[in-house]
Amino acid sequence: MAPEGQWILMATGRSPTNIAVIKYWGKRDEALILPVNDSISVTLDPDHLSATTTVAVSPSFPSDRMWLNGKEISLSGGRFQSCLREIRKRACDFEDEKKEIRIKKEDWENLHVHIASYNNFPTAAGLASSAAGFACLVFTLGKLMNVKEDYGQLSSIARQGSGSACRSIYGGFVKWCMGKKDDGSDSMAVQLADEAHWNDLVIIIAVVSSKQKETSSTSGMQNSVETSPLLQYRAQTVVPSRVMKMEEAIKNRDFASFAKLTCADSNQFHATSNSVEYFYWQVAYTFDAGPNAVLISPNRKTATLLLKKLLYCFPPQDKDLSSYLVGDKSILSDAGL
Ligand code: ADP
Ligand code: DP6
Ligand code: CO
């Protein structure tokens, strides 16, 4: 082994986020992060929304530390501790190519890590940064510590960082099987089909706000579990058959079924949040039995911004818009009309 404190070993990894088409929303065990239903997602291409994480280990580090997007964050939370503990437990003997650094399996317990992660998309804004972040952390720590577990096991560890992270261990179409066991050992993700299976699909992500959301996914779903009469019905009665249909739709590249199930599930997941006192949306919308949207904004400022964006995307066919605007008409001139 090189002289004490004289070496540093590093590994870097990159993981994309994933977007659920059948949503995970609600836990049956908060500490182990066990869900109330299976979920299915599409992992994005790693060139796009992704986390890049570098983990370094050295005998000269006195403690574990982490920086997220350049700012130091605390590792004291149970989720980071679970991931670090589970990976350290599985670490194996390591020797570098030049045979200068040799780390025995049992030495990893006493070596501290420094972690730096960077997201190339808005963090904590509803684009699943926790999924990319924890999948990347677990994968990269595993690489550094010479962990030899298969992807299923890694996914089960990433799950303990953030539920949705277990699905980002794989590319393509992925299912998180909720599992039955109380210890969570069978709650992990499996790949349904790889990236190449349905490469005609194009995903467009409309970023309306990059601001950190006021309610984290963790507390939002906790709230739904406690207050929504719909949530248990959804988990037990609706999702199981929807998951089966979605697997079929993906297998057959059946876009009509895929689209119907995806939209229905998004609506139902949001419906479980309607009875609670928080608001992920900045405007309200409602559709009657037709394609035209009715948008309701909480104030003039939001209405003007919204109107400007709408007019840019959908230039008006009718010169006089005033009959379609209920409320303060002066926002039409504020929006440049
Ligand atoms: P999102 O919708 O973006 O997933 P969440 O509320 O689920 O929002 O999770 C946000 C949290 O995920 C952050 O506060 C942070 O703790 C964690 N996180 C985000 N990015 C990373 C990353 N790159 N590495 C580690 N943890 C991350
Ligand atoms: C709406 O995985 O972020 O994106 O497990 O508490 O970290 P925690 O929650 P998180 O929740 C994701 C919720 C969702 C749906 C989904 O990705 O399936
Ligand atoms: Co999240």
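Structural notes, computed from the coordinates. (Residues numbered from 1 in each chain as written. Chains lettered and ligands numbered in written order. Predicted model: local features only at pLDDT ≥ 70, side-chain atom pairs only at ≥ 80, totals over all residues. Heavy atoms only, no water.)

1. A look at the pattern of salt bridges
- Inspection of every chain in the model, using the stated rule, returns 15 salt bridges.
- Linking Glu86 and Arg85 is a salt bridge whose minimum nitrogen-to-oxygen distance equals 3.1 Å.
- Looking at Glu86, the relative accessible area reads 8%, which means it is buried.
- Linking Arg90 and Glu86 is a salt bridge whose minimum nitrogen-to-oxygen distance equals 2.9 Å.
- Salt bridges here are not isolated pairs; linked through shared partners, they connect Arg85, Glu86, Lys89, Arg90 and Glu149. (Salt bridge = Lys/Arg side-chain N within 4 Å of Asp/Glu carboxyl O. Buried < 20%, exposed > 50% of the residue type's maximum accessible area, 1.4 Å probe, protein only.)

2. Considering the pairing of strand E5 (residues 39-43)
- In terms of residue burial, E5 counts as a mostly covered element, since five of its five residues are buried.
- Of the two faces of E5, the one carrying Ser39, Ser41 and Thr43 and the one carrying Ile40 and Val42 are both buried.
- For strand E2 (residues 18-22) and E5, the ladder comprises four bridges, and the chain directions are antiparallel. By the bridge assignment, Asn18 is partnered in E5 with Thr43.
- Pairing of E5 with strand E12 (residues 173-177) involves four bridges; the strand directions are antiparallel. Bridging from a neighbouring strand, Val42 pairs with Phe173 of E12. (Helix = DSSP H or I, 4+ residues; strand = E, 2+ residues; numbered from the N terminus. Pairing = 2+ DSSP bridges.)

3. Regarding the site of ligand 1
- Contacts to ligand 1 come from 19 residues, most closely from Ser117, Asn119, Ser129, Ser130 and Lys213.
- A distance of 3.1 Å separates an oxygen atom of ligand 1 from a polar backbone atom of Ala124.
- Starting from 570 Å² of accessible surface for ligand 1 in isolation, the protein chains cover 84%.
- For the shell around ligand 1, the secondary-structure elements that each account for two or more residues are strand E7 (65-68), strand E11 (112-119) and helix H2 (129-144).
- In terms of residues, the shell around ligand 1 owes the most to one element, H2, which gives four residues.
- Looking at the shell around ligand 1 residue by residue, the classes come out as nine nonpolar, nine polar and one charged. (Near = heavy atom within 4 Å. Polar contact = N/O pair within 3.5 Å; in protein donor to acceptor, adjacent residues only side chain to side chain. Areas by Shrake-Rupley, 256 points an atom, 1.4 Å probe, with all protein chains shown as cover. Nonpolar A, V, L, I, M, F, W, Y, C, P; charged D, E, K, R; others polar.)

4. Observations regarding the environment of Asp328
- Relative to the assigned elements, Asp328 resides in the loop between helix H7 (300-313) and helix H8 (331-334).
- Taking the relative accessible area as the measure of exposure, Asp328 reaches 38% and is therefore partly exposed.
- Put simply, Asp328 and Ala31 are 297 residues apart on the chain and 49 Å apart in space, counted from C-alpha to C-alpha.

5. Looking at the side chain of Asp96
- Along the chain, the position of Asp96 falls in the loop between strand E9 (94-95) and strand E10 (102-103).
- An unpaired buried charge is present at Asp96: no salt bridge exists, and Lys98, the closest side chain of opposite charge, is 6.6 Å distant.
- There is a polar contact of 2.7 Å between the side chain of Asp96 and the backbone nitrogen of Glu100. (Lys, Arg positive; Asp, Glu negative; His and termini not counted.)

6. Regarding the site of ligand 2
- Lining the immediate surroundings of ligand 2 are 16 residues, of which Tyr24, Lys27, Arg79, Ser162 and Ser164 lie closest.
- Between Ser130 and ligand 2, the recorded distance is 3.1 Å, taken from a side-chain N or O atom to an oxygen atom.
- Out of a free accessible area of 460 Å², ligand 2 has 90% covered by protein chains.
- Among the elements that take part in the shell around ligand 2, helix H4 (residues 217-227) stands out by supplying three residues, more than any other.
- Broken down by class, the residue content of the shell around ligand 2 amounts to six nonpolar, six polar and four charged.

7. Focus on the sheet that holds strand E6 (residues 50-58)
- One open sheet accounts for five strands, arranged E1-E6-E11-E7-E8; its pairing is mixed. Because the sheet does not close on itself, it has two edges, and the strands there are strand E1 (9-16) and strand E8 (71-73). Strand after strand, the sheet turns through a mean of 20° between neighbouring axes, direction not considered.
- For E1 and E6, the ladder comprises eight bridges, and the chain directions are antiparallel. Across the sheet, Thr12 pairs through a bridge with Thr54, a residue of E6.
- Sitting on the sheet, H2 is in contact with E1, E6 and E11, with an inclination near 145° to E1. (Axes fitted to C-alpha atoms, helices over the stretch in contact; angles between N-to-C directions. Contact = heavy atoms within 4.5 Å.)

Purely geometric numbers; function is a separate question.
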